Every structure is written in structure tokens, then in C-alpha cells.
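# Overview (structure and organization)
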Amino acid sequence: MIDVAVLISGSGTNLQALIDNCARDDFPARIVLVISNNPDAKGLERAEKAGIPTKVINHRDYPDRETYDDQLDEALNECGAKLICLAGFMRILDARFVNRWRNRMLNIHPSLLPSFKGLHTHERAIEAGVRFTGCTVHYVNPELDDGPIITQAVVAINPDEGADSLAERILSQEHIIYPQALKLVAEGRVRVVGNKVTIRDADYENLMCVNPKAE
Ligand code: GRF
């Protein structure tokens, strides 16, 4: 059983997916703390409802990124977390912090990385005219939305589809692949070799979520 801290800034639907999976008897991870930089994040209510300790560490209360990240680090060490899941945490973390947690911090991003790093991914994917996009769970490197990829789901973009509809369909895939990735990591089956991940005894047929048609 691995102790995980989840960092959020907003609605926390990915956090909810992790909470729901961690509640299963056979799931090898448990959430020991949820941290938000935003005191109004709806995800905090989700954690409280599940009986998970929460902490607000508001970046506005700190003079610079390094001091803020040190505060995060302290809270994470205090709660005994061995792994961090970023789940819609809208803060860039400084390289020192990221290196301290290298290969122990996961993120979910709503595109097929390395395409469409950064914000407004759905609008940019539609604008670029790509036929497929999706979501990615990866280990976090100091560069934005970068690092060894653990799982991805592919979602087809329908003709004339808007960003809201696409975001919604991708989000439902995020809720599948994030718990999947966490489970693999918690089981100790994920190994980082260079900038790539290898997964021991991977059942790729069930691991890969490909949704070529719109639901
Ligand atoms: C998700 O789309 C995630 O990929 C991105 O931020 C969003 C967070 O959504 N990093 P939620 O707070 O989990 O609902």
C-alpha cells in the first residue's frame, strides 16, 4: 500500500476518480492528504466527504515560488506521502521541487503528449485539425507537461465538434487512465528507463483506451 498526496486547484473530478478507486479493497494506494492552492476548490469538499485530510496552501500567501514549493514539500513530508498525483493543479512547480520528487510525481494532461502542452489544449487540437487527441498520465519533469509517459487514451475529434464537448469526452477518459496509472505505479510495475516508461506484465489490450468513435 502506497501513501499518496493529491494536489488540486479546481473541481477535482480526477481526484474523485482516484478517491473512488482507492476505496476499493484491492487497490494498492491510499490518499493521505489533498492539498489545494485555491481555498475555493470544489475538490476540497470531495476529499472532506471521503474523510480525507485536506490542506489549503494558498500561493498568494508566499512571496515567491521557491518559498511556496518549500511549504508544499514540508506538508508532503509531514503526511508521509510517497507519491504525488497532480490533478488539475494549476501551478508551475520549481525545478528544485520537481527534482526532489522525480519519478515520484504524476500528472494528467488533456492531450496526447508531447502534442499540445500547456493550456487550451482542446481548442488548439481542434484548430490544428488533428483527427485524434486524448489524455496522458506522465511522470513530471521540470519542463512544463513533460516527462515519461505512463498511460494515454485516444479520443477522436468529431467533425464540427466544439471544445466543450471534446473536453467532456476527454475528461471521462482521464477518469479511467489516471487510476489505472496510479495502480501500475503503486504495484511497482512501472520503471523509468531514460525518458521512457516500461511496464512489467502490462496487459496492453486493457491498458490502452482507444475511442475511435464518438460516444
Ligand atoms: C483536467 O482536464 C486535467 O487533465 C487538467 O486539469 C483538469 C482538471 O480537472 N490537468 P478536474 O479538476 O480533475 O475536474
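Attention here is on the structure that accompanies the text. (Residues numbered from 1 in each chain as written. Predicted model: local features only at pLDDT ≥ 70, side-chain atom pairs only at ≥ 80, totals over all residues. Heavy atoms only, no water.)

## Some words on the packing of aromatic side chains
- With the rule as written, the count across this model stands at two aromatic pairs.
- Residues Tyr62 and Tyr68 carry aromatic rings whose centres are separated by 5.6 Å and whose planes lie at 70 degrees to one another, so their mutual orientation is edge-to-face.
- The ring of Trp101 has Arg104 sitting right over it, with the charged end atom 4.2 Å from the ring centre. (Phe/Tyr/Trp six-rings, centres within 6.5 Å; stacked < 30°, edge-to-face > 60°. Lys NZ or Arg CZ within 6 Å of the ring centre and 35° of its normal.)

## Things to note about the site of the ligand
- Lining the immediate environment of the ligand, one finds Ser11, Gly12, Thr13, Asn14, Gly88, Ile108, His109, Pro110, Leu171 and Glu174.
- Thr13 is positioned with one of its side-chain polar atoms (N or O) 2.5 Å from an oxygen atom of the ligand.
- Between an oxygen atom of the ligand and a main-chain N or O atom of Asn14, the distance comes to 2.8 Å.
- If the ligand stood free it would expose 370 Å²; the protein chains cover 82% of that surface.
- Among the cavities detected, the one that contains the ligand is the largest pocket.
- Elements represented by at least two residues in the shell around the ligand include exactly α1 (13-22), β5 (105-109) and α6 (163-186).
- Broken down by class, the residue content of the shell around the ligand amounts to three nonpolar, six polar and one charged.
- Of the residues that make up the shell around the ligand, three or more belong to each of domain 1 (1-101) and domain 2 (108-215). (Near = heavy atom within 4 Å. Polar contact = N/O pair within 3.5 Å; in protein donor to acceptor, adjacent residues only side chain to side chain. Areas by Shrake-Rupley, 256 points an atom, 1.4 Å probe, with all protein chains shown as cover. 1 Å grid on protein atoms, 1.4 Å probe; cavity = no way out; pocket = protein on both sides within 12 Å on 5 of 7 lines; lining within 4 Å. Sits in = over half its atoms within 2 Å of the grid points. Helix = DSSP H or I, 4+ residues; strand = E, 2+ residues; numbered from the N terminus. Nonpolar A, V, L, I, M, F, W, Y, C, P; charged D, E, K, R; others polar. Domains from an automatic or database assignment.)

## A look at the environment of Gly129
- Note that Gly129 resides in the loop between α5 (121-128) and β6 (132-139).
- Assessed through its relative accessible area of 40%, Gly129 is described here as partly exposed.
- C-alpha separation for the pair Gly129 and Ala17, spaced 112 residues apart in sequence, amounts to 30 Å. (Buried < 20%, exposed > 50% of the residue type's maximum accessible area, 1.4 Å probe, protein only.)

## Regarding the layout of surface pockets
- Reported here for the largest pocket is a volume of approximately 960 Å³.
- Along the wall of the largest pocket there are 41 residues; nearest its centre are Gly88, Phe89, Met90, Ile108 and Pro110.
- Looking at the lining of the largest pocket, the elements that each hand over two or more residues are α1, β5, α5 and α6.
- Element by element, the count of residues in the lining of the largest pocket is highest for α6, at six residues.
- Its residues assigned to classes, the lining of the largest pocket shows 18 nonpolar, 15 polar and eight charged.
- Formed jointly, the lining of the largest pocket draws a minimum of three residues from each of two domains, domain 1 (1-101) and domain 2 (108-215).
- Approximately 200 Å³ is the volume found for the second largest pocket. (Points joined across faces, edges and corners; volume = space filled by probe spheres on them.)

## Things to note about the pairing of β5
- Judged by how many residues are buried, β5 sits mostly within the fold: five of five residues are covered.
- Here β5 shows two buried faces, one formed by Met105, Asn107 and His109 and the other by Leu106 and Ile108.
- As paired strands, strand β4 (residues 83-86) and β5 are joined by three bridges and run parallel to one another. Of the residues in β5, the one forming a bridge with Leu86 is Asn107. (Pairing = 2+ DSSP bridges.)

## Some remarks on the pattern of salt bridges
- One pass over the full model with this rule turns up 13 salt bridges.
- Arg96 serves as the salt-bridge partner of Glu66, at 3.8 Å between the closest nitrogen and oxygen. Placement of Glu66 in helix α3 (residues 65-79) and of Arg96 in helix α4 (residues 95-100) is noted, with a sequence separation of 30 residues between them.
- When its relative accessible area of 42% is taken as the criterion, Glu66 is described as partly exposed.
- By sharing partners, the salt bridges in this structure join Glu66, Asp70, Asp73, Asp94, Arg96 and Arg100 into a single network. (Salt bridge = Lys/Arg side-chain N within 4 Å of Asp/Glu carboxyl O.)

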